[in-house]
Amino acid sequence: MNTKINLITLALLSSCSFGVLAQGYGLANAKTDSVKFDAWKCKRCVVETGTTGSISAGIAYNSEDDIYSANAFNSSNEVTGKVDADIRYRGEKGYQANVNAHNLGMDNGRMDIDVGKQGVYNINVNYRTFAHYESNSALSPYQQIGSDYLTLPDNWVTAGSSPDMTMLNSSLNPLELSLNRDRYGMGVEYQTESLLTTYVNFQREDKTGTKTTSGSIYNQSMMLAEPVDYTTDILNAGIKLKGDNWFTSLNYTGSVFKNDNSQLGFDSAFNPTFGAQTSGYMSLDPDNEAHTVSLLGQYNLAKTNLSGRLLIGQMTQDQSLTSIGYGYDLPAESIDAKVDITGMTLKATTRLNREWRVSGSYDYNDRDNKTQIEQWTQISINDVTGEAEYNTPYDLTTQRAKLSADYRISQGIKLDAGYDFERDERSYQDRETTDENNLWARVRVNSFDKWNMWFKGSFSQRDGSEYQASETSSTEQNALLRRYYLADRDRSQIEARFSHTPLTDLTVDFGARYSLDDYTDTEIGLTESTDTYYDVNVHYAVNADVSLNAFYNHQTIESEQSGSSSFSVANWQADIEDTIDYIGAGISYRNLMDSRLKLGLDYTYSDSDSTTQVSQGVTGDYGDYFAKVHNLNLYGEYQATDNMSVRVDYQMENYLDNDASNDISADTIWNVVSFGNVDHDYTAHMVMLSMTYRL
Amino acid sequence: MTENCVNCHNPHGSVNDAMLKTRAPQLCQQCHSGDGHTSSAYLGNTSMGSSVNDNAFTGGRSCLNCHSQVHGSNHPSGKLLQR
């Protein structure tokens, strides 16, 4: 269960960064863009020379035993220190240096050092860390945690079911599930008078720790700690050229992923079954590479902007297959995967007159999987011993066309509306082609005193070529199954937002959104889902020194699905309702005690809850599945002298979650050796004392 | 399958771990309905005595207890996402 999504978002984004970077939109790219243009703008500014800024150091004490609290407090240590810095040096003739650090020494620490000459060159060195903690109380009988072979104790006695494993309870030890990332980077950027910029950035990320996986042999399974020891190198380099009304750039991005462990082996805790296996080996994320080259261009005419992008790339993977314990001939050492990527985007916007603006775009993305198809014999993890299977190199081609128009009805009323079309073509899937047509419109009204608002509505319909369930599945699927990402779907969405300023010091924002996905031709699978969201935010400046803010937001996601246990028409139904409530308030008070003291208090509460009901004659439910979190942050900052201030932060987190399907001990489920209950229930406190010195 | 992360994950966040749109087994059963354990009705806690945490299909990691390699596998026998 989760309400603190930030860290996972980061983890997900960074895992996705393969895809993101492949398109040339890497963070580093974006950053050099802004650095460059700032520099150009300021080329002729008169700057004073010297060093300015501030530096601060802090020490914190964290009371809590449950390591999960480190996600909120950014440190799993009982005592931790940190450094913040914002130092700027400006020398003669445009030479300059900046040092920027935040929470350095803590889990979310970062630092950037830039040295260069304004408008000519800049050298950047940076460092960043992230961490995510799952649990330090998962229980396991396995030894050598963190290595690529997990062993059971010497005196282990296997059994047909976990309750019969006589050594299980006495062999359990707590282990930590957490991931840490350290990122180091450096970059150089050089500009010449001819408005040409070249840049090279390199970044290495080391990700280490352990995460949950399961080793299974036929129908028996053991939860295992999977070692994580990844290194990802990313290089991007390019040239940018800029004229009065045009801009072009040529960019290269390469990323290389290496996993220090290619497989995870484990002793089986159970008596041998099919294939008489006493141990198993599972493959871990294989080494792979991706390289892309992209060309961007933009041309601005008086009333028209044109832009485009071309991209080609290749992703490869030739790590040897995991063959320990595999007794059959391999048709190849490695899968030797090759996927070619081609992309093109064209975009045009034109202002026809004072009232009308029109834009259109076309997007083409192709993923051509060139991997050889081979025959692979499947080993006896199941009762279909020795069955042969083939790999399926999926291709995907996506095309998108968009047309939209903005129309200014009057001074304060604007209308924009558009039509989007998307066609996806795939190989080795139940449906070759899907087409989606989307119409949308939005009205913006700013004509009332103290009110701004907009309303948006959209409707889209997806259909496509004939749906052939199990056409490509290796096992026959129910003919009525429509996998939701390929299924016919009607999607309707409405949204509205208001901003109201009844007094100059008071702002109230609120908005709501509703969306309905109706899978019109689905009898088995996801049939309908709805998403309702609303929020309210209030900000009130009581006077020059005191300000108050408060917010509340709510989301409900409901989905309905049907299944068939008789391999024919639907005979069971599942309903899931997820709700998230998030409420908070804060106050800040400045200029107390002769303008020396600043106080602040923030409180938030989040409650996420999910209910699942499945019915087939009788109705069952999946029990309590929730997370409830209170967070309090209180701070006071005192300006002791002109240059020095001290600050105290107090943070509290009260965390309670539950997942009924995981209210288990190691041997609750007969064919699973589990980590036991890894729910959290704690109140954690952190106090931090810090001192800031202004240079 | 894993080429499109948002088929299974919601990048805007969700109530589930790993930002899954829906958790197993329902997530998996939105795309799998074979003649066997993929299409059974897993009722959870009922008045008939079954309970959500007493079996490998809904308890623990649900379908992932046995098919833990949801993102794919580099094993020659990885087809069933168990290796």
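Scoring rules and cut-offs
- Residues numbered from 1 in each chain as written.
- Chains lettered and ligands numbered in written order.
- Predicted model: local features only at pLDDT ≥ 70, side-chain atom pairs only at ≥ 80, totals over all residues.
- Heavy atoms only, no water.
- Helix = DSSP H or I, 4+ residues; strand = E, 2+ residues; numbered from the N terminus.
- Buried < 20%, exposed > 50% of the residue type's maximum accessible area, 1.4 Å probe, protein only.
- Contact = heavy atoms within 4.5 Å.
- Areas by Shrake-Rupley, 256 points an atom, 1.4 Å probe, with all protein chains shown as cover.
- Buried area = accessible area lost by both parts, 1.4 Å probe.
- Salt bridge = Lys/Arg side-chain N within 4 Å of Asp/Glu carboxyl O.
- Polar contact = N/O pair within 3.5 Å; in protein donor to acceptor, adjacent residues only side chain to side chain.
- Nonpolar A, V, L, I, M, F, W, Y, C, P; charged D, E, K, R; others polar.
- 1 Å grid on protein atoms, 1.4 Å probe; cavity = no way out; pocket = protein on both sides within 12 Å on 5 of 7 lines; lining within 4 Å.
- Points joined across faces, edges and corners; volume = space filled by probe spheres on them.
- Pairing = 2+ DSSP bridges.
- Core = buried A, V, L, I, M, F, W, Y, C linked by side-chain atoms within 4.5 Å.
- pLDDT = per-residue confidence, 0-100.
- Phe/Tyr/Trp six-rings, centres within 6.5 Å; stacked < 30°, edge-to-face > 60°.
- Lys NZ or Arg CZ within 6 Å of the ring centre and 35° of its normal.
- Disulfide = S-S within 2.5 Å.

Novice: Would you explain the overall build of chain A in this entry?
Specialist: Within chain A one finds 5 helices and 33 strands. Taken over 695 residues, chain A has a buried fraction of 42%. If you take every contact in chain A between residues at least 6 apart in sequence, the share linking residues at least 24 apart comes to 62%. Counting every atom, chain A has about 33,700 Å² of accessible surface; 53% of that belongs to carbon and sulfur.

Novice: How should I be thinking about the overall build of chain B in this particular structure?
Specialist: Helix and strand counts for chain B come out as 1 helix and 0 strands. Relative to its full complement of 83 residues, chain B shows a buried share of 55%. Of the accessible surface of chain B, which amounts to about 3,200 Å², a share of 60% is contributed by carbon and sulfur atoms.

Novice: Whenever I open this one, unusual backbone geometry confuses me. Can you help?
Specialist: Apart from glycine, the bulk of residues carry a negative phi angle, and the bulk of peptide bonds sit in the trans form. Here B:A24 and B:P25 are connected by a cis peptide whose omega angle stands at 5 degrees. Structurally, the position occupied by B:P25 is in the segment before α1 (26-29). With a phi close to 55 degrees, A:K93 is a non-glycine residue in the positive phi region.

Novice: Could you clarify how one ought to interpret the interface of chain A and chain B in this entry?
Specialist: Facing 88 residues of chain A, the contacting portion of chain B comprises 61 residues. Taken over both partners, the interface formed by chain A and chain B buries close to 6,200 Å², and the fraction arising from carbon and sulfur atoms is 53%. Linking chain A with chain B are 1 salt bridge. For A:D659, the salt bridge identified is with B:R23, shortest N-O distance 3.1 Å. For the pair chain A and chain B, the number of links is 23 residue pairs in polar contact (both at pLDDT 80 or more). Sorting elements by how many residues they give to the side of chain A that touches chain B places strand β28 (residues 597-616) of chain A first, with 7 residues. When grouped by side-chain class, the residues that make up the side of chain A that touches chain B number 39 nonpolar, 38 polar and 11 charged.

Novice: Help me understand empty space enclosed by the protein in this model?
Specialist: One simple way to see leftover space: roll a probe sized like a water molecule over the atoms. The tally for this structure, following the rule as stated, stands at 2 cavities of 30 Å³ or more. Empty space within the largest cavity amounts to approximately 50 Å³. Along its surface, the largest cavity is lined by A:I576, A:D578, A:S610, A:T612, A:Y625, B:N16, B:T22, B:R23 and B:Q26. Taken together, the residues of the lining of the largest cavity sort by class into 2 nonpolar, 5 polar and 2 charged.

Novice: Help me understand the sheet that holds strand β11 (residues 263-267) of chain A, please; the structure alone is not making it clear to me.
Specialist: Two modes of strand pairing occur in sheets, parallel and antiparallel, and in both the strands are linked by backbone hydrogen bonds. All names here are of chain A. In space, the 3 strands of this open sheet follow the order β6-β11-β12, with mixed pairing throughout. Two strands close off the open sheet at either side, each with one partner strand: β6 (149-150) and β12 (279-283). As defined by bridge partners, β6 adjoins β11 across 2 bridges and the pair is classed as parallel. Looking at the pairing, Y149 lines up with G265 of β11.

Novice: Can you walk me through the nonpolar core in this structure?
Specialist: When a protein is soluble and globular, its nonpolar side chains tend to lie buried together. Residue and element names in this part refer to chain A. Ranked by size, the top nonpolar core spans 19 residues in total, and within it Y142, M165, M222, F266 and A269 carry the most contacts. For this core, the secondary structure elements donating two or more residues are β9 (220-242) and β11. Those residues in contact with M165 that lie beyond four places of it in its chain are W156, V157, A159, A269, F270 and V673. One finds Y68, F73, Y655 and M686 within the second-largest nonpolar core, a separate group that totals 12 residues.

Novice: Help me understand the environment of A:H291, please; the structure alone is not making it clear to me.
Specialist: Residues and elements named next belong to chain A. Within the secondary structure, H291 is located in strand β13 (residues 288-300). With a relative accessible area of 29%, H291 lands in the partly exposed category. Along the backbone, H291 and Y589 are 298 residues apart, and their C-alpha atoms lie at a distance of 52 Å. Apart from the residues within four sequence positions on either side, H291 is in contact with Y252, T253, G254, I312, G313 and Q314. At a separation of 2.9 Å, a polar atom in the side chain of H291 contacts the side chain of E289.

Novice: Looking at this structure, how should I read the confidence of the model for chain A?
Specialist: Confidence in the prediction for chain A averages 89 pLDDT; 89% of positions are at 70 or higher. Note that pLDDT drops below 50 for residues 1-44 of chain A; the model gives that stretch 92 contacts with residues more than four away or on any other chain.

Novice: Please explain the environment of A:F551 as it appears in this structure.
Specialist: Residues and elements named next belong to chain A. Structurally, F551 can be placed in strand β26 (residues 546-563). C-alpha separation for the pair F551 and W572, spaced 21 residues apart in sequence, amounts to 40 Å. If we skip the residues at most four places from it in the chain, F551 touches V536, N537, Y582, I583, G584 and T604.

Novice: Is there a simple way to explain the packing of aromatic side chains in this structure?
Specialist: Describing an aromatic ring pair means giving the distance of the ring centres and the angle of the ring planes. Residue and element names in this part refer to chain A. Scanning the entire structure with this criterion turns up 13 aromatic pairs over all chains. Seen in terms of ring centroids, Y484 and Y485 are 6.4 Å apart; in terms of plane orientation they differ by 75 degrees. Their pairing is edge-to-face. For Y485, a relative accessible area of 9% corresponds to the buried category. Taken together, the aromatic side chains of W451, F455, F498 and F510 make up a single cluster linked through ring pairs. The ring of W440 has K456 sitting right over it, with the charged end atom 5.0 Å from the ring centre. A cation over a ring is seen here: K628 above F626, with NZ or CZ 4.8 Å from the ring centre.

Novice: Help me out: how do you make sense of the state of the cysteines in this one?
Specialist: Any covalent bond linking the sulfur atoms of two cysteines counts as a disulfide. Under the defined criterion, the tally for this structure stands at 0 disulfides over all chains. With no disulfide of its own, B:C63 lies closest to B:C28 among cysteine sulfurs, the gap being 3.7 Å.

Novice: How do you make sense of the pairing of strand β15 (residues 337-351) of chain A when you look at a structure like this?
Specialist: Along a regular strand, successive side chains alternate from one face of the sheet to the other. All names here are of chain A. Strand direction decides the pairing type here: strand β14 (residues 304-317) and β15, joined by 14 bridges, are antiparallel. Paired with I312 across the two strands is T342, which belongs to β15. Hairpin connection between β15 and strand β16 (residues 356-369): a loop of 4 residues separates the two successive antiparallel strands.

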